[in-house]
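Chain residues, written in single-letter form:
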Amino acid sequence: MGTALIYDEEMTKYKLLWVDPACKIEVPERLSVSYEALVRTGLSDRCVSVPPREALDAEILLVHSEEYLEGVKKTPHMTLEDLKEFTLQYGDVYFHPNIYHCAKLAAGSALQLVDSVMTGKVRNGMALVRPPGHHSMRSAASGFCVFNNVAIAARYAKQKHGAERVLIVDWDIHHGQGVQYCFEDDPSVLYFSWHRYEHQKFWPNLRESDYDSVGKGSGAGFNVNVPWNEVGMENSDYLSVFCHVLLPVAYEFCPDLVLVCAGFDSAIGDPEGEMCATPDIFAHLTHLLMNLAGGKLCAVLEGGYNLTSLAQSVCQTVQTLLGDPLPQLANLRSPCESALESLQCVRSVQRQYWSILKHAADSATTDVSTKRIKLAKAEEEKAETAEDERSQEEKVWPEPAERLRPPVCSVSVLPDDAACPDGLKRLASSKDLGPLLVSRIRNRSMEDAGDADGVATFSRLYTLIEKMRTNEIGNGVALVPDVAAAVECVVRDLCSDLVSRVLVVCVGKEELNYATADGKMLVVQISGEDKEEQKGKYYIPVCLKKGCGDTVGFIQAVFGLLLPLGYEYDPGLVLLVRVPGSGVGDCMWQQLIGLLKGFAKGHTLVLMQTNDGACMGPTASALLGHPAPPLQELLTPLPDDGGALERMRERLQADWKMLQTTGEWVC
Ligand code: Q9C
Ligand code: ZN
């Protein structure tokens, strides 16, 4: 199961033939530098090369009108003057004698990608195309776009491949109004877009790009707009919107296919976006979508006008699709006030449509008037001062770090009589631990727990952790006689010299009674118990009244708490602990393992109890990087737990800024 890459030099063969300041950034080099970067880094060689094809008339007509198609068809034969005139009826777009051909190839590339993914020829893929698509409308070109490549692909996936629900994630910095118009009243296509908006001052200056355009009729709730009202948004702002809006809604939607309007003008250095998110954020955005729809994800290029930033961002995206370890995002800042305001507005307007957001902003009042004015002033000031900042092209940022695949992906530490799952390597021998560590381990409860091989097991775990640190091994799973005792030993004795921050995720109720106040570990415990109290900043018990089998509650906990905490904490190792009888389902468990791979460069150690080996199969599959099966049960409404999680999240916001979803000035 590979990754498709679609590219054809032909799509570089059109350009602006006259002077138009609005269009001069849309150059053929956008495509060639992106592709050359993939070649140079060896990424293109690792992909399955799929040729584009021309979209057929019938396919273009899935989205566009006959009159419009007929009009565009005439452009190859027009004189320069005719082309200029044809162009004039539309906004911020240009035509060229070869653009019709390229536009057919661009749309056809998206269709080839959908075919490759939906037939199982590949798991996922990316199409590098020009012209882009998301601005073009039924009967109009717009914003460099001729045919709406992704909208056509969504209709095609439904019609030709029987996809019932398609999620479109538009992370380009412009609003894909063409996509919104296409699916506004259609509940089978969920369109998410974030975009530079500045209270309608930014192109395309549409009232309907604001957060309160949620879709129409039976499509209400299936259009999610996140307007950015300031420039300079950073990684933390993007991640907050993913964790607190897009991902919960997307999981509840349960798509059969994910299409990404992959524009990279939302990255640092872009002259259009003027945002500050670094190219490695796209590794995380991609990763966070890769466990939806059983991994079926098609990314189609849209914008991106800083050639350096664009090429780096494309590489980050493709490398993630290929399954390489994710870059660590160090020093995340708090989401900014303006982003929080957008987040709050989107959540409060969408909560009526999504049971997973039902309790969003429960305690926030809606009296925004005076505070809104204050924020507007601040935004205005920022907009003014932004003018004297140096131009986006001169912006500098560090090149993304290399993402090296470990020689061994996954290992197991098992009792001799337990079978090792396919694809995992059994960690058999290990080096001597030295007398000090051995005596430390002996003094722990291991031998009390009746494990004669305690020291042997823990010395293998020590080796495993050490080899994860040096990236010789990616991740691993261990069966131990007593998970609680094992966690303590691993964190206290084995990790202390090797990793400075350990994120312990414990699924199920288990007494983990040792000091956690120093920040060397952060414990997030998700269980069905209701009594546990939060002890300080670093021990966070999440109580699901209906237990870990409550999928809505679990998803809320994962996206609303666990992921934002993990991003803010930035661990060097993730320890995932499965307490027997926790009630967590296999699909949820696999999703969790998949999502946690975003931390600590993928270095996860799963601890399970010896008698709990039944879920070894799903665990191994997730560790090896296979996408988790979809959580179908989210499609049928489940009872909810009354907003206890939301209240907990609000309490924790003082310590953990990534948990914020409301602006200070707004509530
Ligand atoms: N200062 C895409 O990113 N406005 N289209 C240009 C120049 C139009 C962007 C104004 C931007 C269209 C696919
Ligand atoms: Zn754009």
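Reference entry: report on the structure contained in this document. Note that the structure is a prediction, hence the values are computed from the model and not measured. (Residues numbered from 1 in each chain as written. Chains lettered and ligands numbered in written order. Predicted model: local features only at pLDDT ≥ 70, side-chain atom pairs only at ≥ 80, totals over all residues. Heavy atoms only, no water.)

Over its 19 residues, helix H9 (residues 235–253) runs 25 Å from end to end, which matches the ideal 27 Å to within 8%, given 1.5 Å per residue. Bending of H9 peaks at approximately 40° at the position of Phe-242. For H9, the buried fraction is high: 19 of the 19 residues fall into the buried class. (Helix = DSSP H or I, 4+ residues; strand = E, 2+ residues; numbered from the N terminus. Expected span 1.5 Å × (residues − 1). Bend = angle between axes of the 7 residues up to and from the residue. Buried < 20%, exposed > 50% of the residue type's maximum accessible area, 1.4 Å probe, protein only.)

A few words now on the packing of H9 against helix H10 (residues 281–289). Across the interface, H9 lies against H10 with an axial gap of 10 Å and an inter-helix angle of 10°. The pairing of H9 with H10 is recorded here as roughly parallel in orientation. On H10, the residues touching Asn-235, Tyr-238, Leu-239, Phe-242, Leu-246 and Leu-247 of H9 are Ile-281, His-284, Leu-285, Leu-288 and Leu-289. (Axes fitted to C-alpha atoms, helices over the stretch in contact; angles between N-to-C directions. Parallel < 35°, antiparallel > 145°, perpendicular 65-115°, else oblique. Contact = heavy atoms within 4.5 Å.)

A separate point is the packing of aromatic side chains. Summed over the entire model, instances satisfying the criterion amount to 25 aromatic pairs. Geometrically, the ring pair formed by Trp-171 and Phe-264 is tilted, given 6.1 Å between the ring centres and 55° between the ring planes. Of this pair, Trp-171 sits in the loop between strand E4 (166–170) and helix H8 (177–183) while Phe-264 sits in the loop between strand E7 (257–262) and H10; the two residues are 93 residues apart in sequence, bridging distant segments of the chain. In this structure Trp-171 comes out as buried when scored by relative accessible area, which is 1%. A connected cluster of aromatic rings, assembled from ring pairs, spans Tyr-68, Phe-86, Tyr-90, Phe-95, Tyr-100 and Phe-147. We note Arg-130 situated over the ring of Tyr-14; from NZ or CZ to the ring centre the distance is 3.9 Å. A cation over an aromatic ring shows up here: Lys-537 above the ring of Trp-656, its NZ or CZ 4.6 Å from the ring centre. (Phe/Tyr/Trp six-rings, centres within 6.5 Å; stacked < 30°, edge-to-face > 60°. Lys NZ or Arg CZ within 6 Å of the ring centre and 35° of its normal.)

At a minimum axis separation of 11 Å, helix H15 (residues 454–469) and helix H16 (residues 483–494) run at an interaxial angle of 55°. One way to sum up the angle between H15 and H16 is to call them oblique. Note on packing geometry: the crossing formed by H15 with H16 is right-handed. In this structure, H15 contributes Phe-458, Leu-461, Tyr-462 and Ile-465 to the contact, and H16 contributes Ala-486, Cys-489, Val-490 and Leu-494. Taken together, the residues of the contact of H15 with H16 sort by class into 8 nonpolar, no polar and no charged. (Left-handed = near helix turned anticlockwise from the far one by under 90°. Nonpolar A, V, L, I, M, F, W, Y, C, P; charged D, E, K, R; others polar.)

Charged atoms that come close allow side chains of opposite charge to pair. Enumeration over the complete set of coordinates arrives at 25 salt bridges. Taking the shortest distance from any N to any O, the salt bridge between Glu-70 and Lys-73 comes out at 3.4 Å. Linking Glu-70 with Lys-73, this pair stays in helix H4 (residues 66–73), spanning 3 residues, or about one helical turn. Judged by its relative accessible area of 24%, Lys-73 falls in the partly exposed class. The partner of Arg-405 in a salt bridge is Asp-324, with the nearest N and O atoms 2.8 Å apart. In this pair, Arg-405 sits in the loop between helix H13 (369–386) and strand E9 (408–413) while Asp-324 sits in the loop between helix H11 (307–321) and helix H12 (337–350), placing the two residues 81 residues apart along the sequence. (Salt bridge = Lys/Arg side-chain N within 4 Å of Asp/Glu carboxyl O.)

With 6 of its 6 residues buried, strand E16 (residues 604–609) lies for the most part within the structure. Bridge count between strand E11 (residues 473–480) and E16: 5 bridges; the pairing is parallel. Considered in E16, the bridge of Ala-478 is made with Leu-607. Crossover handedness for the path strand E15 (residues 573–578) to helix H18 (residues 586–596) to E16: right-handed. (Pairing = 2+ DSSP bridges. Right-handed = clockwise from strand over helix to strand, strands pointing away.)

Right, let's talk about the sheet that holds strand E8 (residues 297–301) for a bit. The strand order E2-E1-E3-E8-E7-E4-E5-E6 describes an open sheet built from 8 strands, whose pairing is parallel. With one partner strand each, in any of the chains shown, strand E2 (48–49) and strand E6 (223–228) form the two edges of the open sheet. The pairing of strand E1 (residues 2–6) with strand E3 (residues 122–127) spans 5 bridges and is classified as parallel. In the sheet register, Ala-4 faces E3, and the bridge partner there is Gly-125. Of the strands in this sheet, E4, strand E5 (189–196), E7 and E8 are in contact with helix H7 (residues 149–161), which crosses E7 at around 170°.

Remember that the coordinates give geometry; whether it matters functionally is a separate question.
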